[in-house]
Amino acid sequence: MNERVFSGIQPTGLIHVGNYLGAIRSWVDVQEGYESYFCIVDYHAITIHYDPADMKDRILDAVASNIAAGLDPEKCSIFVQSHVPEHTELCWLLTCLTPLGNLQRMTQFKEKASRQPEHVSAGLMNYPILQAADILLYKASIVPVGEDQLQHLELSRVLARKFNHTFGQTFPEPQPMLVQQAKIMALNDPEKKMSKSLPGSYIALSDEPEEIRAKIRRAVTDTGPSHEVMAPGVKNLFMLLELEAFAPGDIVRYLRGAYERRYLKYSELKHAVAEALVESLTPIRERRRELLARPHILEEIVAEGAKKARTIAHETMVEVKERMGLVSRHKRA
Ligand code: TYM
């Protein structure tokens, strides 16, 4: 069987280099060899405070940024979660199989709930079930994600197993595909991950060169190279540099060597990181801008993507309902 790939991204803010290096870049690779579905998960994005007035723009921005970064609608399906209602339908069926304790234990749930204690909705807690439904709906066996999504993916596997055990073999157990080492940390607080919801933490794919340089200049490093262990901020800058395709190997080797011998100037490291980012993000920024100037094309792309996605989603739901005893054996008139 042709293995299917599924992954998703939330339209909660500008797409940043953490998303790009941790996930989107591997989506671009896998679209070449697998039947791939990439989804803008707007239903996930409404589990925290958001402004309805700019949701549509956020969704279009996510589509444009992903295509600008290399997704090709001829090679994969790109679509919006709410355009395929089977996601929420399967979510409900899986909700009835999910132990409450598994949800309450989720790190991201606890983190997000603590950020907005006045509004902890059932939707926020059920978020990982919707994520499992996203994946299982397409019977995807490979899910390219960043490290922060591993706990959610584990629940998808638990639910696939539980469904198969209760109702008969239906779903493959989805496996994560990880980019080694690629957990990009917040520039202004390198103990936390780079995130759309942490202002000052990220470099967006849309940032202009001067913004990139200024943000990298302000990035937290350490108070001086004392070096028993490399400070998280310095490690993060090296990771950004090494993951960037445009960073020349000899510069990286020179900077690593300077660090080992304790004469590295962080201003030099920052300059190299900023220039590598400017170089790799410039074509993406320009392409994104061109795409956003023609929103009707983006709308056509996601309409076509949803059409392809719905064919599979519909087949899965017929099978799932049949197995769960929800479809009458007698043909309806
Ligand atoms: P989201 O929108 O937070 O992030 C999209 C992808 O980017 C990765 N990522 C990172 N990787 C490295 N370093 C970082 N600092 C960083 N920040 C984000 C994420 O791991 C992710 O792969 N719950 C998911 C969206 C989702 C999903 C799915 C993913 C919904 N349904 C089904 C896979 C399969 C999320 O919030 O991603």
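Above this text you will find the structure in question.
One structure accompanies this document, and this report is about it.

Basis of the calculations
Residues numbered from 1 in each chain as written. Predicted model: local features only at pLDDT ≥ 70, side-chain atom pairs only at ≥ 80, totals over all residues. Heavy atoms only, no water. Helix = DSSP H or I, 4+ residues; strand = E, 2+ residues; numbered from the N terminus. Buried < 20%, exposed > 50% of the residue type's maximum accessible area, 1.4 Å probe, protein only. Near = heavy atom within 4 Å. Polar contact = N/O pair within 3.5 Å; in protein donor to acceptor, adjacent residues only side chain to side chain. Areas by Shrake-Rupley, 256 points an atom, 1.4 Å probe, with all protein chains shown as cover. Nonpolar A, V, L, I, M, F, W, Y, C, P; charged D, E, K, R; others polar. Axes fitted to C-alpha atoms, helices over the stretch in contact; angles between N-to-C directions. Parallel < 35°, antiparallel > 145°, perpendicular 65-115°, else oblique. Left-handed = near helix turned anticlockwise from the far one by under 90°. Contact = heavy atoms within 4.5 Å. Disulfide = S-S within 2.5 Å. Phe/Tyr/Trp six-rings, centres within 6.5 Å; stacked < 30°, edge-to-face > 60°.

## So, unusual backbone geometry
- Backbone geometry at Lys 139 places phi at a positive 50°, although glycine is not the residue there.
- Position of Lys 139 relative to the elements: it lies in the loop between helix H7 (122-137) and strand S4 (142-145).
- Lys 139 sits in the buried class, given a relative accessible area of 18%.
- If you check the backbone angles, Arg 262 has positive phi at about 65° while not being a glycine.

## Considering the site of the ligand
- Within the structure, the ligand sits among 26 residues, and Tyr 127, Asp 134, Gly 146, Asp 148 and Ile 184 are positioned closest to it.
- Within the contact set of the ligand, an oxygen atom lies 3.1 Å away from a side-chain nitrogen or oxygen of Asn 19.
- In the environment of the ligand, an oxygen atom lies 2.5 Å from a nitrogen or oxygen atom belonging to the side chain of Asp 148.
- Protein contact buries 97% of the 710 Å² of open area that the ligand shows by itself.
- Of all the elements in the fold, those that place two or more residues in the shell around the ligand are strand S1 (4-9), helix H1 (17-30), H7 and S4.
- Considered class by class, the residues forming the shell around the ligand number 11 nonpolar, 11 polar and four charged.

## Some details on the packing of helix H9 (residues 209-218) against helix H12 (residues 266-292)
- One way to put it is that H9 packs onto H12 with a least axis distance of 9 Å and a crossing angle of 150°. In terms of orientation, H9 lies roughly antiparallel with respect to H12. In this structure, the crossing between H9 and H12 has a hand that is right-handed. On the side of H9, the interface is formed by Pro 209, Ile 212, Arg 213, Ile 216, Arg 217 and Arg 218, while H12 contributes Lys 270, Val 273, Ala 274, Glu 275, Leu 277, Val 278, Leu 281 and Arg 285.
- Split into classes, the residues belonging to the contact of H9 with H12 amount to eight nonpolar, no polar and six charged.

## Re the state of the cysteines
- All told, the structure shown has zero disulfides when counted by the stated rule.
- The closest cysteine sulfur to the non-disulfide-bonded Cys 76 is located on Cys 39, 12 Å from its own sulfur.
- Free cysteine Cys 91: the closest other cysteine sulfur is in Cys 96, separated by 9.6 Å.

## Some thoughts on the packing of helix H10 (residues 232-243) against helix H11 (residues 249-260)
- Relative to each other, H10 and H11 sit at 160°, their axes nearing to 11 Å. Between H10 and H11, the interaxial angle falls into the category roughly antiparallel. Of the two possible hands of crossing, H10 and H11 adopt the one that is left-handed. Facing H10, whose interface residues are Val 234, Phe 238, Leu 241 and Glu 242, H11 presents Val 252, Leu 255, Arg 256 and Tyr 259.
- Of the residues contributing to the contact of H10 with H11, the split by class is six nonpolar, no polar and two charged.

## Looking at the packing of aromatic side chains
- According to the stated counting rule, one finds seven aromatic pairs in the structure shown.
- Taking 4.9 Å as the distance between ring centres and 50° as the angle between the ring planes, the aromatic pair formed by Phe 163 and Phe 167 counts as tilted. Note that Phe 163 and Phe 167 are positioned in helix H8 (residues 150-167) at a spacing of four residues, about one turn of the helix.
- For Phe 163, a relative accessible area of 1% translates into the label buried.
- When the centroid spacing of 6.1 Å and the interplanar angle of 80° are considered together, the rings of Phe 238 and Tyr 259 count as edge-to-face. Of this pair, Phe 238 sits in helix H10 while Tyr 259 sits in helix H11, and the two are 21 residues apart along the sequence. Of the two residues, Phe 238 and Tyr 259, both sit in the buried class.
- One aromatic cluster is present, formed by Phe 6, Tyr 37, Phe 79 and Tyr 138 through successive ring pairs.

None of the figures reported here should be taken as evidence of function without further support.
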